[in-house]
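Here are the chains, one letter per residue:
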Amino acid sequence: MRVILKNSYYILLSFLIFSCNNDDNTVNTPNEEDENVELTANVETYERDLLENSLVLVVQNGENTSYLVDKTGKKVKEWDFDKNLGNDLEIMPNGKLLGMFRSEDPIFSFGGGGGIVQILNSNGTTEWEFEYASGDYLTHHDVEMLPNGNVLFLVWEKITAADAKLAGVDTENDIYPEVLIEVDPKTDAIVWEWHSFDHIIQDKFPEITTTYGVLNENPNLIDINYNPMENGDIMHANGIDYDTNKDIIYISVNFYNEVWVIDHSTTTIEAETNSGGNYNKGGNLLYRFGNPKAYNNNIGQVRFSRNHFPNLLEGEEPGAGNILIYMNGNDVEQSTVYELRMPETFNLGVNVDNEPEIVWEFTDPDLFSGKISGAVRLKNGNTLICEGDYGAWEITPDKKVAWKYKNEKNVWRVYGYNLDSPEVKNLNLPE
């Protein structure tokens, strides 16, 4: 079955149907062989034989609402929040929600700023709240529930211009590099943290011996002067994912056009150093990919031009062990979703090709969002893509478009949930 509704054909069809139907939210499919399927006006492509019959959580970017929709475009549940989203929101297996929300009047903030992490009951009421916002730090973008029940999230921390210059940063302004914080919701205690500023290198000021070095000979360190920004948001990480098997964290670092891999098995003290943990690298980068130019490596292809959501495929997901990532493609104004095979052993060689293998990729002339966005793998092997300023695409393994859904507002991410998944069952949706 094929339904593609757009342009003048879509307008004419909508006019004819709406004229004789009191329901202004649905349209009948024009396929005479399947007259019982009704699609909302948001569904622009519907290939019933190709798509997965599952639900999609549409996380509205920075809004105070989000909703769950089926493939006909019908909203089956909608949430209204008392705060605007600070980006991420997910349904957990127990039917509760985990989300990043915005503090009121933060002292500083950039795009994707949050300040508050919440666990919400399925009806949207608050069960747990942790505010981490001050003049020196602010949670932002992404949050992850760890298997041990702790909550992991991204933070900007303020480094004053004076302290930054003492460390070899070429700046006259305060900077805000990235931090990872892990909190125990039972006690609100911070039980682990990692600071990117502990693992920097620079090649501009040889007199500052604590951080001076040759960039391409130190791929496990972060060139703190790679992306000078006047507003101080020098890295702008926007997504995290946790690998349970390897006890590592993937971080999408937008302004470095790459993904960093961090060892979570360290103690907080070890995370400040270059030793300790399962990999004996401390808090240094175990691996990085997407842009070898970020550490002055001229070997290996630069694939990323801005990037979001390093989504590790796990368990029974087709492609388990690989990473899906949305490459925004700001340089060519066309986005690409990559599936990348992660190395069995993390190693960053000096002046060698450290980039992972491309297993699968998808792009289209109509696929482009220069910000937000992401991709997840569905149980049937299809890939559900969030094009941030459009909505959602569902793509088969052989790159056929199975479903397209247009949202009226920008979308942070979309997540797919099978009808028999614990996330859906525990929402207690009406029959």
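Whatever comes next refers back to the structure up there.
Small disclaimer: the values here were computed from a predicted structure and weren't measured. (Residues numbered from 1 in each chain as written. Predicted model: local features only at pLDDT ≥ 70, side-chain atom pairs only at ≥ 80, totals over all residues. Heavy atoms only, no water.)

J.: Explain the environment of Asn-330 here, please?
T.: Topologically, Asn-330 is positioned in the loop between β23 (322-327) and β24 (336-341). Residue class for Asn-330 comes out partly exposed when judged on its relative accessible area of 30%. Here the alpha-carbon distance between Asn-330 and Asn-307, two residues 23 residues apart in the chain, equals 9.3 Å. The residues contacting Asn-330, other than those within four sequence positions of it, are Ser-305, Arg-306, Phe-368 and Gly-370. At 3.2 Å, the side chain of Asn-330 forms a polar contact with the backbone oxygen of Gly-370. (Helix = DSSP H or I, 4+ residues; strand = E, 2+ residues; numbered from the N terminus. Buried < 20%, exposed > 50% of the residue type's maximum accessible area, 1.4 Å probe, protein only. Contact = heavy atoms within 4.5 Å. Polar contact = N/O pair within 3.5 Å; in protein donor to acceptor, adjacent residues only side chain to side chain.)

J.: How do you make sense of the sheet that holds strand β20 (residues 258-263) when you look at a structure like this?
T.: Sheets are built from strands that pair by backbone hydrogen bonding, the pairs being arranged parallel or antiparallel. Read from one edge of the open sheet, 4 strands run β18-β19-β20-β21, paired in antiparallel fashion. Lying at the two open borders of the sheet, with one neighbouring strand each, are β18 (237-243) and β21 (287-289). Taking the axes of each pair of neighbouring strands and ignoring which way they run, one obtains an average angle of 20 degrees across the sheet. In this sheet, strand β19 (residues 248-253) lies alongside β18 in antiparallel orientation, the contact comprising 6 bridges. Within β19, the position partnered with Ala-237 by the bridge is Val-253. (Pairing = 2+ DSSP bridges. Axes fitted to C-alpha atoms, helices over the stretch in contact; angles between N-to-C directions.)

J.: Would you take a moment to explain the side chain of Asn-297 for this structure?
T.: Within the element layout of this structure, Asn-297 appears in the loop between β21 and β22 (307-312). Judged by its relative accessible area of 1%, Asn-297 is buried. Of note is the side chain of Asn-297, whose polar atom sits 2.9 Å from the backbone oxygen of Val-352. When sequence neighbours within four positions are dropped, the list of residues in contact with Asn-297 reads Asn-216, Pro-292, Asn-351, Val-352 and Asn-354.

J.: How do you make sense of the packing of aromatic side chains when you look at a structure like this?
T.: Centre-to-centre distance and the angle between the planes together describe a pair of aromatic rings. According to the stated counting rule, one finds 22 aromatic pairs in the structure shown. Considering the side-chain rings of Trp-128 and Phe-130, the 6.0 Å spacing of their centres and the 15 degrees angle between planes classify their relative orientation as stacked. Of the two residues, Trp-128 and Phe-130, both sit in the buried class. Taken together, the aromatic side chains of Tyr-279, Tyr-287, Phe-289, Phe-304, Tyr-338 and Phe-346 make up a single cluster linked through ring pairs. Here the guanidinium or amino end of Lys-404 rests over the ring plane of Trp-393, the centre of that ring lying 3.9 Å away. (Phe/Tyr/Trp six-rings, centres within 6.5 Å; stacked < 30°, edge-to-face > 60°. Lys NZ or Arg CZ within 6 Å of the ring centre and 35° of its normal.)

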